[in-house]
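Below are the chains, spelled out letter by letter.
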Amino acid sequence: MSAELIGSARIAKRFADLKAEGRAGLAAFITAGDPDIKTSSAILKQLPDAGADIIELGMPFSDPMADGPAVQASSQRALDNGASMIKTLDMVRIFRQGDSVTPIILMGYFNPVYVYGVEKFVADAAEAGVDGFIIVDLPPEESEMREPVENAGLSFIYLATPTTDDERLPTVVEHASGFIYYVSVTGVTGTSSAATADIETALARLRRHSDLPITVGFGIRTAEQAAEIGKHAEAIAVGSAFVNKVAENLNEDGTAKDSCADAVLDLVREISSGLT
Amino acid sequence: MNQLNTYMDGPDEDGHFGIFGGRYVAETLMPLILEVERAYNEAKTDEAFQAELKGYLKNYVGRPSPLYFAERLTNKLGGAKVYFKREDLNHTGAHKVNNCMGQILLARKMGKKRVIAETGAGMHGVATATVCALFDIPCTIYMGTTDIDRQSPNVSRMKMLGAEIVPVTSGTGTLKDAMNDALRDWVANVETTYYLIGTVAGPHPYPAMVRDFQAVIGEETRAQIMEHEGRLPDSVIACIGGGSNAMGLFYPFLDDEVRIIAVEASGEGIETGKHAASLNAGAPGVLHGNRTFLLQNEDGQIIDAHSVSAGLDYPGIGPEHAWLHDIGRAEYVSITDKEAIDAFQVCTRLEGIIPALESAHAIAHTIKIAGSLAKDHVMVLNMSGRGDKDMDSISAYLERNS
């Protein structure tokens, strides 16, 4: 039996497998603890079977400035129902008991990490089974988290955007690991969608600067869009569409309906089915 | 231990004041932030730009603003000689226009076609709408719904000036939430749009740039107090939300033997949890592009601020203030809603000057300490704005608490 791959190696293995299968992967985003820890844990557990190749687990934050209304609301639901950084790591720990191959990327904002303590958080996250981080408000210029993450053998994933021009791209990709997350629109999550032709051009430009796999996100919400963009990228990321499914399956008092987890997972299945 | 030669050379080239400041923004904004920094660095040494700014400040804003000896207040307090730096007499009624005039010229220089801004009390919104009218640039102002309710005269003024007001319902509908939505707008419209931040916060270069545009307050004060007293003041005092009027007054005095006092809003009292005292009751964190002191819980979630004064109702503070607090160069004290309202009434009746509720916090602390200071102690208070906008809030407060 081979040793379990963790951190950057688990991410690399997943992308190698996807390449061997000749298809793009689905990076599925959900907010940890949305709408409550129990439902969210149930969704998390079943995401790989439903077709998620990579999991982006959102760390709820009170002021998600780069997110649109859908993710913002999901963050608030989670916080209102007792989500916390410690509980997010607990969710990962429990997930790892049943899955050692699906990479988990924690995605969020820096303040909760900073307040937890960067070194301690990275150590606790590594121990829980986290493989990488996307911290939206830590551009390469604010690099205080990168080194602890690298030293722990995990990936610090950088975002490239349509405004990241050729002059700036080397700065962004220089220390990137895991994959590059290409934000395909100038805007917040869950709003407009980019034209495939623009994405193609942008990816060609990115590939001149980096050999890392590219995950394309922002504005992808249907199986058709996923299939189309999946022809050009190693993975596509979907988030707002899934958290919207959570929002659509709540009782009037904000608690989850019985249908909540399945509604999210059905959409994961539908979108992943296009990635062949 | 090494002593600093100067307190005036911050921030470093990456925008840090000690451990505070920085550029904590999404990648989409990073190239634009760097562009703003380049443009601002050029403007600083561009004589034509500086001359144009100076001209507008003199002939349009009405600078220099007077330095007024508040004799009746001084006599009543029986101690320090209190001067008011009359920023309330500027066009649009507050210090905010100093910064707006500087930044609108920069936005024009950068070829930006649209301006966005956040506002709390509405004074920054009005000042932004004003300069946008002057230069015929479309402008969108983000304002929390709570603030729209309590500062309705300013909402009318902004609309009259041609600004589009976007009501922000998230959070408590105050300044923090307005800033979140302004940032979201900026990310979506980054090519065309200039974000005109109203205080000494946000990502670098904003804290330094806004300070520089507001430093005219302190520079004039230095010259004016020499005329009145033949020497520098013993102390300077200002209210502080984000901290732009305070930084503008303080900055030119940082290297002098001048006591510096900033007054935070402690709302209903720090012990009640309903306050806006980021330095007195917050902890370091990262929000809105900079590291600074924030009101937050143990999990790093931001807590909503509270103050009767909309302009101070913000859970953070400019990073340079966080640094000055950390190194002990300035004192950061706090004043409650009640103390501010009392001071508002004292100032109005004694001096015939209706101060903004924000400025009333600085007056309240002056009332607290002036009596115990020597009669030759010269104190300059920044009368950062006028209080016409606050009439409804004050009447409502007095009715609730009568």
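Owing to the predicted nature of the structure, the values given are computational and were not obtained by experimental measurement. Here, residues in each chain are numbered from 1, in the same order as that chain's written sequence. Both sets of labels track the order of writing: A upward for chains, 1 upward for ligands. In view of the model being predicted, local features appear only for residues whose pLDDT reaches at least 70, and side-chain atom pairs are presented and counted only at 80 or more, with totals across whole chains, interfaces and linings using the full set of residues. The side-chain figures draw on all heavy atoms in the structure; neither hydrogens nor water molecules are used.

Draft legend 1. View of the state of the cysteines. Residue and element names in this part refer to chain B. A pair of sulfur atoms, both from cysteines and within 2.5 Å, is called a disulfide here. Per the counting criterion, the structure on display carries zero disulfides over all chains. The thiol sulfur of C100 is not disulfide-bonded, and the nearest other cysteine sulfur, from C132, lies at 8.1 Å. Buried means the residue's accessible area, taken with a 1.4 Å probe over protein chains only, is under 20% of the maximum for its type, while exposed means over 50%, and partly exposed covers the values in between. Judged by relative accessible area, which is 0%, C100 ranks as buried.

Draft legend 2. Quick peek at helix α1 (residues 30-45) of chain B. Residue and element names in this part refer to chain B. Per the convention used, a helix needs a DSSP run of H or I reaching at least four residues, while a strand needs a run of E reaching at least two, with both numbered from the N terminus. Helices are assigned an expected span. That span is 1.5 Å times one less than the residue count. Helix length check: α1 (16 residues) gives 24 Å between terminal C-alpha atoms against 22 Å at 1.5 Å per residue, within 8%. Turning to α1, its buried residues number three or more, namely M30, P31, L32, I33, V36, E37, A39, Y40 and A43. Looking at the buried positions of α1, the neighbouring elements they touch are β2 (20-24), α2 (47-61), α4 (96-109), α8 (175-188), β8 (193-195) and α9 (206-214). A contact between two residues is defined here by any heavy atoms of the two lying within 4.5 Å.

Draft legend 3. Inspection of the packing of helix α14 (residues 337-351) of chain B against helix α15 (residues 357-370) of chain B at higher detail. Residue and element names in this part refer to chain B. In this description, a line fitted to the C-alpha atoms serves as the axis of each element, helices being fitted only across the stretch in contact, and the angle between N-to-C directions of two axes falls anywhere from 0 to 180 degrees. Where α14 contacts α15, the two axes come as close as 7 Å, and the packing angle between them is 85°. By the angle between their axes, α14 is roughly perpendicular relative to α15. Across from E339, A340, I341, A343, F344, V346 and C347 in α14, the residues of α15 making contact are L357, A360, H361, I363, A364, I367 and K368. Classifying every residue of the contact of α14 with α15 by side-chain character gives 11 nonpolar, one polar and two charged. Comment on the angle field: the value is read as roughly parallel under 35 degrees, roughly antiparallel over 145, roughly perpendicular from 65 to 115, and oblique elsewhere. Under the scheme applied, nonpolar residues are Ala, Val, Leu, Ile, Met, Phe, Trp, Tyr, Cys and Pro; charged residues are Asp, Glu, Lys and Arg; polar residues are all the others, including Gly.

Draft legend 4. Local environment of the nonpolar core. Counting 87 residues, the largest nonpolar core has A:Y181, B:I104, B:L106, B:W186, B:Y194 and B:Y195 as its most contacted members. In this structure, B:Y195 is in contact with B:Q103, B:I116, B:A117, B:E118, B:M179, B:A182, B:L183, B:W186 and B:Y206, ignoring residues within four places of it in sequence. Joining through side-chain atoms within 4.5 Å is the link that ties buried Ala, Val, Leu, Ile, Met, Phe, Trp, Tyr and Cys residues into a set, and such a set is a nonpolar core. Residues A:A160, A:Y182, A:L203 and A:V216 belong to the second largest nonpolar core, which totals 69 residues.

Draft legend 5. Quick peek at the sheet that holds strand β3 (residues 67-69) of chain B. Residue and element names in this part refer to chain B. Pairing is mixed across the open sheet formed by six strands, whose spatial order is β3-β4-β14-β9-β10-β13. Only two strands of the sheet have a single partner each, and these edge strands are β3 and β13 (331-336). Along the sheet, successive strands turn relative to each other by an average axial angle of 30°, direction set aside. A pair of strands is considered paired only if DSSP assigns at least 2 bridges between the two. Taken together, the three bridges between β3 and strand β4 (residues 81-86) define a ladder with antiparallel strand orientation. Within β4, the residue paired with L67 across the bridge is K85. Those strands touched by α14 are β3, β4, β10 (259-267), β13 and β14 (378-383), and its axis lies near 85° from that of β13.

Draft legend 6. Structural detail: the interface of chain B and chain A. With 35 residues of chain B in contact, the opposing surface of chain A contributes 36 residues. Accessible-area loss on putting two parts together, using a 1.4 Å probe and summing over both, is the definition of buried area adopted here. Of the roughly 2800 Å² buried between chain B and chain A, counting both surfaces, carbon and sulfur atoms make up 52%. A pair is scored as a salt bridge if a Lys or Arg side-chain nitrogen falls within 4 Å of a carboxyl oxygen belonging to Asp or Glu. On the surface where chain B and chain A come into contact, there are three salt bridges. The salt bridge involving A:E144 is made with B:R291; its shortest N-O contact spans 3.0 Å. Identification of polar contacts relies on pairs of N or O atoms within 3.5 Å, with a donor-acceptor requirement for protein atoms, meaning one able to donate a hydrogen and the other able to accept it, and with residues adjacent in sequence counted only if both atoms are side-chain atoms. Where chain B meets chain A, there are 21 residue pairs in polar contact (both at pLDDT 80 or more). For the side of chain B that touches chain A, the secondary-structure elements that each account for two or more residues are β2, α1, α8, β11 (283-287) and β12 (289-294) of chain B. The biggest single contributor to the side of chain B that touches chain A is α8(B), with six residues.

Any functional reading would require information beyond the geometric quantities listed.
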